[in-house]
Amino acid sequence: MKCVIIGAGASGIAAAINIKRKYPNDEVIIIEHSDRPLRKILATGNGRCNLGNAKFDIKKYNHPELMGLFSYNDYIEYVESYGFKTKTIGDLVYPYSESAQTVRNQMLKELEKLNVKINLEEDFIDYKVKPNGVEIKTNKAIYQADKLIVATGGKSTKGLGNDGKIYEILKSHGYTIAPLRPGLVPIKTKENTKLVDGLRIKANVTLLENSKQIFNEDGEVLFKKDGLSGIVIFNASNYIKNPQNKYEIVLNLLPDFNGELQRNHQQFLDKSKFLEEYFAPKLAQYLSDRISDKNYVKDLQNLKFTFKDFYDYENSQITIGGVQISDMNPNFESKKEPNVYFLGELLDMHGPCGGYNLTWAFICGQKLMS
Ligand SMILES: Cc1cc2nc3c(=O)[nH]c(=O)nc-3n(C[C@H](O)[C@H](O)[C@H](O)COP(=O)(O)OP(=O)(O)OC[C@H]3O[C@@H](n4cnc5c(N)ncnc54)[C@H](O)[C@@H]3O)c2cc1C
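What counts and how
Residues numbered from 1 in each chain as written. Predicted model: local features only at pLDDT ≥ 70, side-chain atom pairs only at ≥ 80, totals over all residues. Heavy atoms only, no water. Pairing = 2+ DSSP bridges. Helix = DSSP H or I, 4+ residues; strand = E, 2+ residues; numbered from the N terminus. Axes fitted to C-alpha atoms, helices over the stretch in contact; angles between N-to-C directions. Buried < 20%, exposed > 50% of the residue type's maximum accessible area, 1.4 Å probe, protein only. Arc of directions from axis to C-beta. Contact = heavy atoms within 4.5 Å. Near = heavy atom within 4 Å. Polar contact = N/O pair within 3.5 Å; in protein donor to acceptor, adjacent residues only side chain to side chain. Areas by Shrake-Rupley, 256 points an atom, 1.4 Å probe, with all protein chains shown as cover. Core = buried A, V, L, I, M, F, W, Y, C linked by side-chain atoms within 4.5 Å. Salt bridge = Lys/Arg side-chain N within 4 Å of Asp/Glu carboxyl O. Phe/Tyr/Trp six-rings, centres within 6.5 Å; stacked < 30°, edge-to-face > 60°. Lys NZ or Arg CZ within 6 Å of the ring centre and 35° of its normal.

Visitor: What exactly am I supposed to notice about the sheet that holds strand β4 (residues 86-89) here?
Guide: Adjacent strands of a sheet form backbone hydrogen bonds with each other and so pair up, either parallel or antiparallel. With antiparallel pairing, 3 strands are arranged side by side in an open sheet as β3-β5-β4. Single-partner strands in this sheet number two, and they are β3 (52-53) and β4. When β3 meets strand β5 (residues 92-95), the two strands line up antiparallel, connected through 2 bridges. Bridging across to β5, Gly 52 finds its partner in Val 93.

This is the structure:
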């Protein structure tokens, strides 16, 4: 059997390893349009590659029923079979070396051992399903294969190889693409945040949609010149689905304050003294204009920012939306076209920060055709 995989990212390479381990005599070729395989992996987890989560919870995916078909229990063991050990820091699973380079090197070594060919700087253009397989067209060649596996990722981070042209190709084949938007992304707010650009603060973060709470998480918020960032904001951004609705981010900057402390503080301190004691000088200056003189503790526990827009795909970790899940079988084969498979971020499947998206990409590759 001959398999052509489009995309040398996490899901494509995991798929190649899986196929060659199961069927050593098969021919597997990976087509990658950038000049390096597994480029994005190096940027993950701030260079440390957060590839799993000790408190893994399928409910955190937008399609939990799909992830429910696969087991997370043997996932870490399988990932370690690529040739590196893992460790858990907090709840997050990393390679033991805490270096994404280890993951990349070991996966590429395994590919070499299994005799998988990677054709770099070759762009996938289209395909035709034939009675006995699939004809695949790139800018350099035409391949006749038994199976085509499309693992091109989404539209995020063009600089790392993703340009999103694939969606147009798949639409021309009759696939429904669930609406696309940047995911795990900073947001722009209506309130001016220029003064505090670059400052970080721990907060409890609530997201309101038309005044109704739809998300709550503790985390570190990073102020940007025109909005908010940080992992907790990335996670909140995934819940902003209907831009015609009103979304507000509410920061509780004093989550540990109880009623007694509040009374004492408001009795003894004036607002500016309180801000000086509890916040970095720049932040204190910014907050002073945004909170009242009397109810400042309450205001600091309820600091509202109104959503204006997402940052663009270039600043997003994932693309939300993609090939509709109902268009494929649980072994990732298309229901519309035999011998055509879709994997990873290209599908309409996403999770929060914390290893969920790499877990999905690797599990797709590992479970392909099983
Ligand atoms: C900065 C950053 C940090 C992240 N950190 C984490 C993290 O710590 N943990 C986590 O779980 N997730 C993280 N993610 C998300 C995670 O990296 C992705 O969800 C995952 O890599 C998706 O894998 P994939 O194989 O589906 O796609 P990709 O990894 O995007 O791979 C797709 C490949 O296909 C190639 N390609 C695209 N189009 C074509 C074409 N027409 N022809 C040929 N080749 C093509 C691309 O060049 C690319 O190499 C992060 C993402 C970013 C951007």
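Visitor: Looking at this structure, I do not really get the sheet that holds strand β7 (residues 124-130). What am I missing?
Guide: The 3 strands are arranged β7-β8-β9 in an open sheet whose pairing can be described as antiparallel. Of all the strands in the sheet, the pair left with one neighbour each is β7 and β9 (142-145). Recorded for the sheet is a direction-independent mean angle of 20° between the axes of neighbouring strands. Of the strand pairs in this sheet, strand β8 (residues 133-138) and β9 are connected by 4 bridges, and their pairing is antiparallel. Residue pairing across strands places Lys 137 opposite Ile 142, the latter belonging to β9.

Visitor: What should I look at first to understand helix α5 (residues 165-172) in this one?
Guide: Residues that lie three or four places apart on an α-helix share one face, since the helix turns once every 3.6 residues. All of the buried residues in α5 are Ile 166, Tyr 167, Ile 169 and Leu 170. Looking straight down α5, one finds its buried side chains confined to an arc of 160°; they lie on one side. Every exposed residue of α5 that faces more than 90 degrees away from the buried side is listed here: Glu 168 and Ser 172. Lining the buried residues of α5 we find β7, β10 (147-150), β11 (177-183), β18 (318-323) and β19 (340-342). Backbone geometry just downstream of α5 places Gly 174 in the positive-phi region, at approximately 90°.

Visitor: Looking at this structure, how should I read the site of the ligand?
Guide: Residues in contact with the ligand amount to 32 residues; listed here are only the nearest, Ser 11, Glu 32, Gly 45, Asn 50 and Leu 358. Within the side chain of Ser 11, one N or O atom sits 2.8 Å away from an oxygen atom of the ligand. Between Lys 40 and the ligand, the recorded distance is 3.0 Å, taken from a side-chain N or O atom to an oxygen atom. In the complex, 93% of the free accessible area of the ligand, which totals 1,000 Å², lies under the protein chains. Listed by contribution, the elements that provide at least two residues to the shell around the ligand are α1 (10-22) and α11 (356-367). Top contributing element to the shell around the ligand by residue count: α11, with 4 residues.

Visitor: Just checking my understanding: could you explain the nonpolar core for this structure?
Guide: When a protein is soluble and globular, its nonpolar side chains tend to lie buried together. In terms of nonpolar packing, the biggest core is built from 75 residues, with Leu 51, Tyr 127, Ile 136, Phe 332, Trp 360 and Phe 362 touching the most fellow members. Not counting chain neighbours up to four residues away, the residues in contact with Phe 332 comprise Phe 70, Val 340, Tyr 341, Phe 342, Leu 343, Leu 347, Trp 360, Cys 364, Lys 367 and Leu 368.

Visitor: I tried to follow the pattern of salt bridges on my own but got confused; where do I start?
Guide: Opposite charge on two side chains permits pairing when their charged atoms draw close. This structure, assessed with the given rule, holds 16 salt bridges. Glu 135 serves as the salt-bridge partner of Lys 130, at 3.2 Å between the closest nitrogen and oxygen. Residue Lys 130 is classed as partly exposed on the basis of its relative accessible area, which comes to 35%. Close ionic contact of Glu 168 with Lys 171 constitutes a salt bridge, the shortest N to O distance being 3.5 Å. Here the residue Glu 168 and the residue Lys 171 both occupy positions in helix α5, the gap between them amounting to 3 residues, near one helical turn. Overall, the relative accessible area of 45% leaves Lys 171 in the partly exposed class.

Visitor: Got a minute to help me understand helix α8 (residues 271-278) in this structure?
Guide: What α8 keeps buried is the set Lys 271, Phe 274 and Leu 275. End-on, the buried residues of α8 take up no more than an arc of 95°, which puts them together on one face.

Visitor: Please explain the pairing of β10 as it appears in this structure.
Guide: The side chains of a regular strand alternate, first on one face of the sheet and then on the other. Residues Lys 147 and Ile 149 point to one face of β10 and Leu 148 and Val 150 to the other, with burial holding for every one of them. Two elements, β10 and β19, share 3 bridges in a ladder whose sense is parallel. Looking at β19, one finds that Ile 149 is bridged to Tyr 341.

Visitor: How should the packing of aromatic side chains be read in this particular structure?
Guide: Centre distance and the angle of the planes are the two values used to describe a pair of aromatic rings. Counting across every chain of the model gives 21 aromatic pairs. When the centroid spacing of 5.3 Å and the interplanar angle of 35° are considered together, the rings of Tyr 72 and Tyr 75 count as tilted. Accessibility assignment for this pair places Tyr 72 and Tyr 75 in one class, buried. Through a chain of ring-to-ring contacts, the aromatic side chains of Phe 56, Tyr 61, Tyr 72, Tyr 75 and Tyr 356 assemble into a single cluster. Seen from the ring of Tyr 96, Lys 87 lies directly overhead, with NZ or CZ sitting 4.6 Å from the centre. The ring of Phe 305 carries Arg 290 above its face, with NZ or CZ at 4.7 Å from the centroid.

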